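# Inside the fold
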Amino acid sequence: MQGVWARRLKETFAILTVGDGIIEVIFPTEHSLLWEFGPARVRRVARFCAENPNLMRLLGAAQLAFGIWLAQRQYHDR
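Let me sum up the structure you'll find in this document. (Residues numbered from 1 in each chain as written. Predicted model: local features only at pLDDT ≥ 70, side-chain atom pairs only at ≥ 80, totals over all residues. Heavy atoms only, no water.)

Take the packing of helix α3 (residues 40-51) against helix α4 (residues 53-76) next. Relative to each other, α3 and α4 sit at 95 degrees, their axes nearing to 5 Å. Judged on the interaxial angle alone, α4 and α3 are roughly perpendicular. The residues of α4 that touch α3, namely those facing Phe-48, Cys-49, Ala-50 and Glu-51, are Pro-53, Leu-55 and Met-56. Its residues assigned to classes, the contact of α3 with α4 shows six nonpolar, no polar and one charged. (Axes fitted to C-alpha atoms, helices over the stretch in contact; angles between N-to-C directions. Helix = DSSP H or I, 4+ residues; strand = E, 2+ residues; numbered from the N terminus. Parallel < 35°, antiparallel > 145°, perpendicular 65-115°, else oblique. Contact = heavy atoms within 4.5 Å. Nonpolar A, V, L, I, M, F, W, Y, C, P; charged D, E, K, R; others polar.)

Mapped onto the secondary structure, Glu-24 falls in helix α1 (residues 4-26). Despite its burial, Glu-24 pairs with no opposite charge, the nearest such side chain being Arg-57 at 8.4 Å. Among the polar contacts listed, one links the side chain of Glu-24 to the side chain of His-31, at a separation of 3.3 Å. (Buried < 20%, exposed > 50% of the residue type's maximum accessible area, 1.4 Å probe, protein only. Lys, Arg positive; Asp, Glu negative; His and termini not counted. Salt bridge = Lys/Arg side-chain N within 4 Å of Asp/Glu carboxyl O. Polar contact = N/O pair within 3.5 Å; in protein donor to acceptor, adjacent residues only side chain to side chain.)

A few words now on the packing of aromatic side chains. Per the stated rule, a full pass over the model turns up three aromatic pairs. Of the aromatic side chains, those joined through ring pairs into one cluster are Phe-13, Phe-66 and Trp-69. The cationic tip of Arg-8 hangs over the ring face of Trp-5; the distance from NZ or CZ to the ring centre is 4.7 Å. (Phe/Tyr/Trp six-rings, centres within 6.5 Å; stacked < 30°, edge-to-face > 60°. Lys NZ or Arg CZ within 6 Å of the ring centre and 35° of its normal.)

Bringing the side chain of Gln-74 into the picture now. In this fold, Gln-74 is placed in helix α4. A polar atom in the side chain of Gln-74 sits 3.2 Å from the backbone oxygen of Arg-7. Ignoring anything within four residues of it in the chain, the contact list for Gln-74 reads Gln-2, Arg-7 and Lys-10.

This model, assessed by the stated rule, comprises one salt bridge. Of the charged contacts in the structure, one is a salt bridge between Glu-36 and Arg-47, with a shortest N-O distance of 3.1 Å. On the criterion of sequence distance, the pair formed by Glu-36 in the loop between α2 (28-34) and α3 and Arg-47 in helix α3 is long-range, its members being eleven residues apart. Residue classification places Arg-47 among the partly exposed positions, given a relative accessible area of 35%.

Turning next to the environment of Ala-61. Here Ala-61 is to be found in helix α4. The exposure class assigned to Ala-61 is partly exposed, which follows from its relative accessible area of 37%. In sequence terms Ala-61 and Val-25 are 36 residues apart; their C-alpha atoms lie 6.3 Å from each other.

So, about the environment of Leu-59. Mapped onto the fold, Leu-59 is located in helix α4. In this structure Leu-59 comes out as partly exposed when scored by relative accessible area, which is 46%. With 34 residues separating them in the primary sequence, Leu-59 and Val-25 have C-alpha atoms 8.1 Å apart.

Given below as structure tokens:
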């Protein structure tokens, strides 16, 4: 059986993943542009993401599904 802190960390990660996925689905361009900073390569990736909102929505939906799966697994592994 896992320790309580390990389970809490996994749940926290699931919560962050779900939240980020929701934001990505609803506001893909704005969310991507928020991360447009730093080295040129990083800015190019952020710009690519902002210019492809449907791709980002798809990735956000996948992230949302992963977070839910992770939380569900966490509760059923007890």
